[in-house]
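Residue-level listing of the chains:
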Number of protein chains: 2
Amino acid sequence: MKNHLPTIKEIAKQLNISVSTVSRALHDHKSIGLRTKMQVQELAKKLQYEPNQTAIFFQQGKTFTIGVILPELSEAFFSSAISGIEDAAHKSNYTVLLGQSHDSVEKEKQLIDTMKKHRVDGLLVSISKNTTDYSHFETLQRYNIPIVFFDRIPKISNIHYVACNMVNGTVQAVNFLFKKGHRIIGMINGPEKLPATKERLDGYIQALTKSRLKYDPALVINCDLTKESVCHATEKLLTGKRKPTAIVAFNDYVALDAVQQARKMKLRINKDICFVSYANLPISNYTAYPPLASVEQFPYLQGQKATETLIELLQKKSDDDTDVNNRTYYKIILESQLVLHDAK
Amino acid sequence: MKNHLPTIKEIAKQLNISVSTVSRALHDHKSIGLRTKMQVQELAKKLQYEPNQTAIFFQQGKTFTIGVILPELSEAFFSSAISGIEDAAHKSNYTVLLGQSHDSVEKEKQLIDTMKKHRVDGLLVSISKNTTDYSHFETLQRYNIPIVFFDRIPKISNIHYVACNMVNGTVQAVNFLFKKGHRIIGMINGPEKLPATKERLDGYIQALTKSRLKYDPALVINCDLTKESVCHATEKLLTGKRKPTAIVAFNDYVALDAVQQARKMKLRINKDICFVSYANLPISNYTAYPPLASVEQFPYLQGQKATETLIELLQKKSDDDTDVNNRTYYKIILESQLVLHDAK
DNA sequence: AAAAATTATGCAAACGTTTGACTGAATCAG
DNA sequence: CTGATTCAGTCAAACGTTTGCATAATTTTT
């Protein structure tokens, strides 16, 4: 039952020619006579010969595989991203090797190791929440495996990355509210240490300043994204001295929890209080009181761009045949954008 | 800048021993003296030697990789599934090679080919909507690559699969409604040709029969899952001769659209009309009028089980060293289960 | 007719690792 | 002291492919 797959050797033997001739014939090499070329190709077809890629990978030191490490595959944001990644990779004939870190640094390290072992040509990473030490990424340099980070990127400078800038989107969001007549605009922001939190705050302040509204720190409350802390923040905002008529929420989940809390407090959504947020749910259409608008972060696009960037790097690598670390780094920044929801 | 990675050969040369000794020393082979073993391991560490897996893959004809082909990575159901797959694979030291077919038969074929080329050890597939010809899967038999199908499985018998049986869940759903006092229960079902549609109908009829209610075909309307067809179906049900007080919807999306339509018709949700559906959204908590209950299909679990099954097959394969096609097929059926939602 | 160029093919090394078969030395039983 | 056993290690083949270099055969040029 040993079903030996046909190899180049066998073709050679059957045709009484050398393996190199067969190899070249299959590659349409010019130095092979038309006659033998035909013979080889015919027999190859007959035997349903298919080259053993593992041998080729090994021989060429290239696997046409890119590794992808994400925090959580089941999150809407990342599943869109991976979709973009896969599409872009497939287009350039690369394949995707996947791993999820579950936001554990330990697992992230393991995955890096696995990827290294599998000799992926390049790596796409969105780092885990808790990663602060980046040494495990550096080990990849020895292997000349380039990394492109996306969305969640390390706070170091000599890296390639693709990210979405939240400042602009936030400015748009606040402007939007301003134009609708809101003058007291609150914000339920995320955990302090997240870069994403800072960007939102920056945009918020920028927009206020431009509209000649004064920035009142009491109107911005951080939360840790749990339901309780969101409710708490909402309550605090809505019972504060200066009561906002609109709130910018850290993301859709936060917005939905805040809406619930506001309703509990007998406020009428979109009348007494309006919300805008940042998109991570595909379902705003279905919720009863969706935010008026969301800042879109284009996960699919981010994944796609990151992949294209990586593939470009790989291209360059094989062109120059030089070290990848040539001190020029891609920093690709997509602009977030406010998307208005249908007023039902 | 040619950063040659350390190999077994180099270690051998530096220590003036043969490569085989080094190899065995690194594998802790008993026939190697303690002294040399130590020396080798020490040098290996010092040089930061790591075996070249591509060489090993090639040499052993095994890649410790499983291929996964899904219709759509960004769909909640599949992203949960892939999460389960990755977790299970990682646990057994397998890695996941990913591809999405976008429900295109053509792309599905291409992916099969890619997976074959990469010499994955096994394959996990949820087939595209439009696949009716299964010959591309059969080509894998030559390569002795086992496939486990899950969720969307081909209608042929000599295959391994993991699926979730909807009959039981549907029975539970209808019973649940019956116990709540409903006597006229409608159903908005899916496209006729889908097996999933049939299972739901079977369960529906079974449950009715047991409760001694008569099955009235006018109360079951198929739709093609578009918003329009759902609205149309809902309207037809709710203006029919026998007006249902409860409706079983094909899935959460359908339910939400149906709810919208019902509200348009001035019916009070959960008073005039109740809904139950099948879970694919993680957000029922947030919607204004979620279905009373959902039949859960456990995508994460399905992915996990499928992976475990595949790995078991791979185990067997290497044990027996015999052909995988030994005429015994795993058919693993998870039972769907009704999950009640919090009444808010 | 000799030299040069072209065409078609073969040889063998290389990629890094594993592994069965073999060898030489030391140890041990009787 | 001989033969068997264990120990420590080496040799070389094998996995399938690519590719630089050599070679042989043929044709073209001078």
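Parameters and conventions
Residues numbered from 1 in each chain as written. Chains lettered and ligands numbered in written order. Predicted model: local features only at pLDDT ≥ 70, side-chain atom pairs only at ≥ 80, totals over all residues. Heavy atoms only, no water. Contact = heavy atoms within 4.5 Å. Buried area = accessible area lost by both parts, 1.4 Å probe. Salt bridge = Lys/Arg side-chain N within 4 Å of Asp/Glu carboxyl O. Polar contact = N/O pair within 3.5 Å; in protein donor to acceptor, adjacent residues only side chain to side chain. Nonpolar A, V, L, I, M, F, W, Y, C, P; charged D, E, K, R; others polar. Pairing = 2+ DSSP bridges. Helix = DSSP H or I, 4+ residues; strand = E, 2+ residues; numbered from the N terminus. Near = heavy atom within 4 Å. Expected span 1.5 Å × (residues − 1). Buried < 20%, exposed > 50% of the residue type's maximum accessible area, 1.4 Å probe, protein only. Arc of directions from axis to C-beta. Phe/Tyr/Trp six-rings, centres within 6.5 Å; stacked < 30°, edge-to-face > 60°. Lys NZ or Arg CZ within 6 Å of the ring centre and 35° of its normal.

Engineer: Can you walk me through the interface of chain A and chain B in this structure?
Structural biologist: Much of the literature gives interface size as the accessible area that the parts lose upon coming together. The partner chain B presents 58 residues to the 58 residues of chain A that form the contact. Summed over both partners, the interface of chain A with chain B buries about 5,100 Å², with 56% contributed by carbon and sulfur atoms. Counting across the interface, chain A meets chain B through 6 salt bridges. Between B:Asp87 and A:Lys107 there is a salt bridge, with the nearest N and O atoms lying 3.8 Å from each other. Inspection of the chain A/chain B interface yields 21 residue pairs in polar contact (both at pLDDT 80 or more). Here the residues of the side of chain A that touches chain B are counted per class, giving 22 nonpolar, 23 polar and 13 charged. Pairing geometry for strand 2 (residues 95–100) of chain A and strand 2 (residues 95–100) of chain B, over 3 bridges, is antiparallel. Bridging across to strand 2 of chain B, A:Leu97 finds its partner in B:Leu97.

Engineer: Got a minute to help me understand the side chain of A:His136 in this structure?
Structural biologist: All names here are of chain A. Mapped onto the elements, His-136 comes out in helix 7 (residues 135–142). Here Asp-133 takes part through its backbone oxygen, which lies 3.4 Å from a polar atom of the side chain of His-136. Residues in contact with His-136, not counting those within four places in the same chain, are Glu-108, Lys-109, Ile-112 and Thr-131.

Engineer: Mind showing me how you'd approach the protein's contact with DNA strand C here?
Structural biologist: Among the 27 residues in the neighbourhood of DNA strand C, the closest are listed as A:Thr21, A:Arg24, A:Thr36, B:Arg24 and B:Tyr49. Within 4 Å of the protein, the contacting atoms of DNA strand C are drawn from sugar and phosphate to the extent of 59%. Side-chain polar atom of B:Arg24 to a base oxygen of DNA strand C: 2.3 Å apart, as the coordinates give it. B:His27 is positioned with one of its side-chain polar atoms (N or O) 3.0 Å from a phosphate oxygen of DNA strand C. Those elements that provide at least two residues to the surface near DNA strand C are helix 2 (19–26) and helix 4 (53–60) of chain A together with helix 1 (8–15), helix 2 (19–26) and helix 4 (53–60) of chain B.

Engineer: What am I meant to see in helix 3 (residues 34–46) of chain B here?
Structural biologist: Helical periodicity: at 3.6 residues per turn, an α-helix aligns residues three or four positions apart in one direction. Residues and elements named next belong to chain B. Look at helix 3: 18 Å from first C-alpha to last across 13 residues, which is about the 18 Å you get at 1.5 Å a residue. Along helix 3, the residues classified as buried are Lys-37, Val-40, Leu-43 and Ala-44. The buried side chains of helix 3 occupy one side of the element, clustering within an arc of 140 degrees when seen end-on. Among the exposed residues of helix 3, those oriented more than 90 degrees off its buried face are Leu-34, Arg-35, Glu-42, Lys-45 and Lys-46. Tucked into the core, helix 3 has its buried residues touching helix 1 and helix 2. Downstream of helix 3 by one or two residues, Gln-48 has phi in the positive range, about 55 degrees.

Engineer: What am I meant to see in the protein's contact with DNA strand D here?
Structural biologist: DNA strand D sits among 25 residues. The nearest are A:Arg24, A:Tyr49, B:Thr21, B:Gly33 and B:Thr36. A:His27 places a side-chain nitrogen or oxygen 3.0 Å from a phosphate oxygen of DNA strand D. Between DNA strand D and A:Gln59 there is a distance of 3.1 Å, counted from a sugar or linking oxygen to a side-chain nitrogen or oxygen. Split by residue class, the surface near DNA strand D holds 8 nonpolar, 14 polar and 3 charged.

Engineer: Looking at this structure, I do not really get the packing of aromatic side chains. What am I missing?
Structural biologist: What characterises a pair of aromatic rings is the spacing of the ring centres plus the angle enclosed by the ring planes. Using the criterion set out here, one finds 9 aromatic pairs over all chains in the structure. Here the aromatic rings of A:Phe137 and A:Phe149 are separated by 5.1 Å at their centres, their planes lie at 90 degrees, and the arrangement is edge-to-face. Of this pair, A:Phe137 sits in helix 7 while A:Phe149 sits in strand 4 (residues 147–150), and the two are 12 residues apart along the sequence. Side by side, A:Phe137 and A:Phe149 carry an identical accessibility label, which is buried. Here B:Phe64 and B:Tyr94 contribute two aromatic rings whose centre-to-centre distance is 5.0 Å and whose plane-to-plane angle is 45 degrees, an arrangement assigned as tilted. In this pair, B:Phe64 sits in the loop between helix 4 and strand 1 (65–70) while B:Tyr94 sits in the loop between helix 5 (76–91) and strand 2, placing the two residues 30 residues apart along the sequence. Accessibility expressed as a relative area gives 35% for B:Phe64, which makes it partly exposed. Its end group placed over the ring of A:Phe250, A:Arg200 keeps NZ or CZ at 4.0 Å from the ring centre.

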